[in-house]
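Structural characterization, general
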Amino acid sequence: MRPRKRVVTSPAGGTILPARKRKPGRPRSRRPSRLPPLPQGRSLVLEGSGATSPRRAEPSATELAAVDLSVDLAPGRGGFRLANPILVASGTFGYGVEYGEVVDVQRLGAVCCKGTTLKPRVGNVTPRVTETPAGMLNSIGLQNPGVDAVVERYAPTWTAWQTSVIVNVAGESIADYVEVCRRLDGVPGVAAIELNISCPNVGKGGLQFAIDAEAAGAVTAAVRRTTDLPLLVKLSPNVADVRPIARAIAAAGADALTAVNTLSGIAVASDRRRPLLGNVFGGLSGPAIKPVALRVVYEVAQVVDIPVVAIGGVTELADVLDFLAVGAVAVQVGTAIFADPTLPVRLIDELAGECLARGLSSYQPLVGTALPPRPDAPSAKGVEYRP
Ligand SMILES: Cc1cc2nc3c(=O)[nH]c(=O)nc-3n(C[C@H](O)[C@H](O)[C@H](O)COP(=O)(O)O)c2cc1C
């Protein structure tokens, strides 16, 4: 086995810095980064969580490779087939190129790059990140060099990759989204688009596209008319009922849904005289949000016919299996990458190993096993727990 290289990653730009040297005599820590405190947070999450199957002998690479992990994220429109269902989430893996020395990027199902806007954005004022119990808050503010620079700097590299790159797109108006997608359309190396609709819609006075079914459907339809690229639309968990929004997006022509983006939160400065983040509000991510993400995927998977890709607090194989069980066909790994960039690739092999241990030649039988068996089950009627 290749030794793991220890790194610390920067949420803002995906820059990789060498990890601090271990002081002589101090025990080696499994997780090099201070962000996030995953092991402590995991213990609560793990209670009652889906266990993995006990292993016998370690399967060989050939045995693992024989398991069919491929997934189609646009089965309704010509197909968007990935080699496996483990993707990396937008904003947590830069543009992929930054990780070449520490991760075999080519093995990933796909890379979702940092949110891309029409014009360059410097992002929010600092501080922009802080730890939370079992997660982190970020208010990076979509720092990115703008779509033209992204295409010029990164697409030539992506073209040579066997891993698909999904460009995450953000904007403040439908016209913004349409123009960014028009500029990405047909660019070699850009395999698909993921719409980040958790942005203020200036046309609607700052209301997020993601919290309004009509606005979410309208932006999806407009982008759909602009490009034939596979189109994924990312749901926000910051809504009372996500199902009408998911339905509107699917009806507007999205090929797949991704769920979820971060949960809105704040932290307080240590002197208790102001909120901690420069932007006041931040997005909560990491294991803390997994139950919410599970609930959203569970609800959405029952009301749309397009594939659902789960995101939220994945730190180990059991999380992947949980998300598959509630109807996701693939998962994205986000915050956990800051602590261990090698995790996503390891999960690919672990998922294949899990299939072998269960005597499966593909992971498909693991999808949807925890969904209600009957069409009239409570969650499909909308009577589930609502605080
Ligand atoms: C530092 C940081 C930056 C992010 N930037 C984006 C972004 O640009 N676009 C987007 O759609 N989601 C962005 N996200 C949200 C993640 O893609 C993901 O949906 C969320 O973090 C939940 O997954 P996790 O718990 O595995 O991190 C960002 C998350 C973090 C932590």
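Residues numbered from 1 in each chain as written. Predicted model: local features only at pLDDT ≥ 70, side-chain atom pairs only at ≥ 80, totals over all residues.

Time to look at the overall build of the protein. Each helix and strand in the protein was counted, giving eleven helices and 18 strands. Taking all 387 residues of the protein together, the buried fraction comes to 47%. Long-range contacts, defined here as pairs at least 24 residues apart, represent 72% of the contacts in the protein between residues at least 6 apart. (Helix = DSSP H or I, 4+ residues; strand = E, 2+ residues; numbered from the N terminus. Buried ≥ 20, exposed ≤ 12 C-beta atoms within 10 Å, placed from the backbone. Contact = placed C-beta atoms within 7 Å.)

The subject of this paragraph is helix 4 (residues 174–184). When we look at burial in helix 4, the residues that qualify are Asp-176, Tyr-177, Val-180, Cys-181, Arg-183 and Leu-184. Each buried residue of helix 4 lies within a common arc of 160° when the element is viewed along its axis, so the set occupies one face. Here the buried face of helix 4 lies against helix 3 (147–159), strand 9 (164–169), strand 10 (192–196) and helix 5 (213–226). Two residues or fewer after helix 4 comes Gly-186, characterised by a positive phi angle close to 80°. (Arc of directions from axis to C-beta.)

Turning next to the sheet that holds strand 13 (residues 231–235). Sheet architecture is closed into a barrel: eight strands sit in the order 5-6-9-10-13-14-17-18, paired in parallel fashion. The average undirected angle you get between the axes of adjacent strands in this sheet is 25°. (Pairing = 2+ DSSP bridges. Axes fitted to C-alpha atoms, helices over the stretch in contact; angles between N-to-C directions.)

Averaged over the protein, the pLDDT score is 87; the fraction of residues at 70 or greater is 82%. Across residues 1–10 the pLDDT falls below 50, and counting only partners more than four positions away or on other chains, this stretch makes 20 contacts in the model. Confidence over residues 12–48 falls short of pLDDT 50; this stretch has 62 contacts with residues more than four positions distant or in other chains. (pLDDT = per-residue confidence, 0-100.)

A word on the nonpolar core. Core analysis: the biggest nonpolar cluster contains 111 residues, and Leu-257, Val-297, Val-309, Ala-328 and Val-331 have the highest contact counts within it. Per-element tally for this core: the top contributor is helix 7 (residues 290–301), with seven residues. Sequence-distant contacts of Val-297, that is, excluding residues within four places in its chain, are made with Ala-259, Val-308, Ala-310, Phe-323, Val-326, Gly-327 and Ala-328. (Core = buried A, V, L, I, M, F, W, Y, C linked by C-beta atoms within 7 Å.)

Moving on to the pairing of strand 13. Look at any regular strand and the pattern is simple: side chains alternate between the two faces of the sheet. Burial analysis of strand 13 places five of its five residues in the buried class, the great majority of the element. Both faces of strand 13 are covered, namely the face carrying Leu-231, Val-233 and Leu-235 and the face carrying Leu-232 and Lys-234. Two strands pair when backbone bridges link them, and strand 10 and strand 13 are joined in this way by four bridges, in the parallel orientation. Each residue of the ladder has a partner; that of Asn-196, found in strand 13, is Lys-234. Bridging between strand 13 and strand 14 (residues 256–259) involves four bridges; their strand directions are parallel. The partner of Leu-232 across the bridge, within strand 14, is Ala-256. In the classification by handedness, the crossover that spans strand 13, the intervening helix 6 (residues 243–251) and the parallel strand 14 is right-handed. (Right-handed = clockwise from strand over helix to strand, strands pointing away.)

In strand 14, alternate side chains face the same way, and those of Ala-256 and Thr-258 on one face and Leu-257 and Ala-259 on the other are all buried. Pairing between strand 14 and strand 17 (residues 308–311): three bridges, direction parallel. For Thr-258, the partnering residue across the bridge sits in strand 17 and is Val-309.

Attention now moves to unusual backbone geometry. Cis geometry is found at the peptide bond from Thr-126 to Pro-127, where omega equals -5°. When you line up the elements, Pro-127 lands in the loop between strand 6 (110–112) and strand 7 (129–132). Note that the residue after Ala-259, namely Val-260, is joined by a cis bond; omega there is 20°. Position of Val-260 among the secondary structure elements: in the loop between strand 14 and strand 15 (263–265).

Along the chain, Val-202 falls in the loop between strand 11 (200–201) and strand 12 (207–208). Every residue in contact with Val-202, bar those within four places of it in the chain, is listed here: Glu-172 and Ser-173.

The next point concerns helix 3. Of all the bends in helix 3, the greatest reaches close to 40° and is centred on Arg-153; the proline Pro-156 follows between one and four positions later. Val-147, Val-150, Tyr-154 and Trp-158 are the residues of helix 3 that are buried. Tucked into the core, helix 3 has its buried residues touching strand 9 and helix 4. (Bend = angle between axes of the 7 residues up to and from the residue.)

A word on the packing of helix 3 against helix 4. In the contact formed by helix 3 and helix 4, the axes pass within 10 Å of each other and the chain directions differ by 20°. By the criterion of interaxial angle, the relationship of helix 3 to helix 4 is roughly parallel. Seen from above, helix 3 lies across helix 4 with right-handed handedness. Contact residues: helix 3 offers Val-147, Asp-148 and Val-151, while helix 4 offers Val-180, Arg-183 and Leu-184. Of the residues in the contact of helix 3 with helix 4, the class split is four nonpolar, no polar and two charged. (Parallel < 35°, antiparallel > 145°, perpendicular 65-115°, else oblique. Left-handed = near helix turned anticlockwise from the far one by under 90°. Nonpolar A, V, L, I, M, F, W, Y, C, P; charged D, E, K, R; others polar.)

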